[in-house]
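Descriptive structure summary
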Amino acid sequence: MLPRFNALQVQTISDAIEQQGYIVLPSFLSEHSVQALVSRITSFKKEAFKKAAIGRGFLQQQNSAVRSDEIHWLEQENQTDHDFLMLMENLRQQINQQLFLGLFDYECHYAVYEPGNFYKKHLDALKGQSNRVLSTVLYLNDDWSAADGGELILYAEDGTTKLQTVLPAKGTLVIFLSEQFPHEVLAAKKIRYSIAGWFRVNASDSRKVDTLE
Ligand code: OGA
Ligand code: MN
């Protein structure tokens, strides 16, 4: 059984989102909670993944110059995925109570970056053009050191001032406002596992762009 977010965790996240728009939480999930997700992502066969695309609906395109990771959306039918989705559902409800963001749902996918893969600087949502409000990334890698590369770099709104460099170490959770923070994934020297997700509001036009180069 995965833990729920406790009141202190929710308060910490809500305060940070309100005051600075993002938060990096090292060792946020316990070893036990993360382990099931690690087992799952490492058990997928190559065919279970697809090349990640940019944008949604009729605007969707694959652009391997921008990103070269491979993804697998979480499935409610799988117990491990279900537990994680329930945990994030719990966070969604508690954040809504604190921040009145009107978050409507959450979608997320496993992502595998083979050595050398990357995701160039991008925004997860363009102002007024996407229903993605809050981005999350959870990392699933054992023993990650700076020499392994694969860092997430979070930039200020100007797109050049570096705010944070995050090692994709197991259990670290990053949360940031999707429209506000350009970010990129540097190429890693070894395989890099994560779960990227988005809390969304209920937009009526689902054809709008969700991610941009
Ligand atoms: C994304 C993304 C960051 C990461 O999937 O949109 O920016 O560190 N991922 O994996
Ligand atoms: Mn992103």
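Report on the accompanying structure.

1. What to know about the packing of helix α1 (residues 7–19) against helix α3 (residues 79–99)
Put simply, α1 and α3 touch, their axes get as near as 10 Å, and they point 55° apart. Taken together, the axes of α1 and α3 lie oblique to each other. As for the relative orientation of α1 and α3, their crossing is right-handed in sense. For the pair α1 and α3, the contacting residues are Val10, Gln11, Ile13, Ser14, Ile17 and Glu18 in the first and Leu91, Gln94, Ile95, Gln98 and Leu99 in the second. Of the residues assigned to the contact of α1 with α3, the class counts are six nonpolar, four polar and one charged.

2. With respect to the site of ligand 1
Surrounding ligand 1, one finds 13 residues, the nearest of these being His122, Asp124, Tyr139, His183 and Arg192. In the model, an oxygen atom of ligand 1 is placed 2.9 Å from a nitrogen or oxygen of the His183 side chain. When ligand 1 is considered free in solution it has 290 Å² of accessible area, and contact with the protein chains removes 98% of it. Secondary-structure elements contributing two or more residues to the shell around ligand 1 are β5 (119–122), β6 (132–139), β10 (183–185) and β11 (192–200).

3. Focus on helix α2 (residues 31–43)
When the terminal C-alpha atoms of α2 are compared, their 18 Å separation across 13 residues agrees well with the 18 Å that a helix rising 1.5 Å per residue should span. Restricting attention to buried positions, one finds in α2 the residues Ser33, Val34, Leu37, Val38, Arg40 and Ile41. Buried residues of α2, seen end-on, are gathered within an arc of 165° and therefore sit on one face of the element. Of the exposed residues in α2, those oriented more than 90 degrees away from the buried face are Glu31 and His32. Contacts from the buried residues of α2 go to β3 (70–73), α3, β4 (105–113), β6 and β11.

4. Thoughts on the packing of aromatic side chains
Per the stated rule, a full pass over the model turns up six aromatic pairs. Ring plane angle 90° and centroid distance 5.3 Å describe the contact between Phe44 and Phe49, whose orientation is recorded as edge-to-face. On the accessibility criterion, Phe44 (15% relative accessible area) is buried. Classification of Phe49 by relative accessible area gives buried; the value is 14%. Residues Tyr106 and Phe199 carry aromatic rings whose centres are separated by 4.6 Å and whose planes lie at 40° to one another, so their mutual orientation is tilted. Taken together, the positions of Tyr106 in strand β4 and Phe199 in strand β11 put the pair 93 residues apart, joining distant regions of the chain. Pair check on accessibility: Tyr106 and Phe199 agree, each one buried.

5. Brief notes about the sheet that holds strand β7 (residues 152–155)
Here we have four strands laid out as an open sheet, ordered β5-β10-β7-β8, and antiparallel in their pairing. The sheet terminates laterally at β5 and β8 (162–166), the two strands that pair on one side only. Sheet twist, expressed as the average angle between the axes of neighbouring strands with direction ignored, equals 10°. Pairing between β7 and β8: four bridges, direction antiparallel.

6. Things to note about the pairing of β11
With respect to burial, β11 is a largely interior element, nine of its nine residues being buried. Across the two faces of β11 the burial is the same, with Arg192, Ser194, Ala196, Trp198 and Arg200 and Tyr193, Ile195, Gly197 and Phe199 all buried. Here nine bridges tie β4 to β11, and the two strands are oriented antiparallel to one another. Of the residues in β11, the one forming a bridge with Tyr110 is Ile195. Looking at chain direction, β6 and β11 are connected through seven bridges and run antiparallel. Among the inter-strand pairings, Leu138 is bridged to a residue of β11, identified as Ile195.

Conventions we followed
- Residue positions are given per chain, counting from 1 as you read along its sequence in written order.
- Going through the entries in the order they are written, you letter the chains from A and number the ligands from 1.
- Where totals are concerned, whole chains, interfaces and linings use all residues; where local detail is concerned, this predicted model gives features only for residues with pLDDT of at least 70, and gives and counts side-chain atom pairs only at 80 or more.
- The basis for every side-chain value is the complete set of non-hydrogen atoms in the structure, without hydrogens or water.
- To obtain each axis, a line is fitted to C-alpha atoms, and for helices this fit is confined to the stretch in contact; angles are then taken between N-to-C directions over 0 to 180 degrees.
- Put simply, DSSP marks the helices as runs of H or I at least four residues long and the strands as runs of E at least two long, and each gets a number from the N terminus on.
- If an angle is under 35 degrees, it is roughly parallel; if it is over 145, roughly antiparallel; if it lies from 65 to 115, roughly perpendicular; otherwise it is oblique.
- Take the far helix as your reference; a near helix turned counterclockwise from it by less than a right angle gives a left-handed crossing, and one turned clockwise gives a right-handed crossing.
- Here, two residues are considered to be in contact whenever any of their heavy atoms come within 4.5 Å of each other.
- We call Asp, Glu, Lys and Arg charged. Ala, Val, Leu, Ile, Met, Phe, Trp, Tyr, Cys and Pro are nonpolar, and the rest, Gly among them, are polar.
- Nearness is judged by heavy atoms alone; a residue qualifies as near a molecule or strand once a single heavy atom is within 4 Å of it.
- A 3.5 Å cut-off defines polar contacts: any pair of N or O atoms within that distance qualifies, except that in protein one atom must be a possible hydrogen donor and the other a possible acceptor, and neighbouring residues in sequence count only when both atoms are side-chain atoms.
- Residue-level accessible areas treat just the shown protein chains as cover; the underlying method is Shrake-Rupley with a 1.4 Å probe.
- Helix span is expected to be 1.5 Å times the residue number reduced by one.
- Only protein chains enter the accessibility calculation, which uses a 1.4 Å probe; a residue is then buried when its area is under 20% of its type maximum, exposed when over 50%, and partly exposed in between.
- When we speak of the arc, we mean the arc of directions from the helix axis to the C-beta atoms.
- Only Phe, Tyr and Trp rings are paired, with Trp represented by its six-membered ring, and only when their centres lie within 6.5 Å; those with planes under 30 degrees apart are stacked, over 60 edge-to-face, the remainder tilted.
- Think of it this way: DSSP has to see at least two bridges between two strands before they count as a pair.

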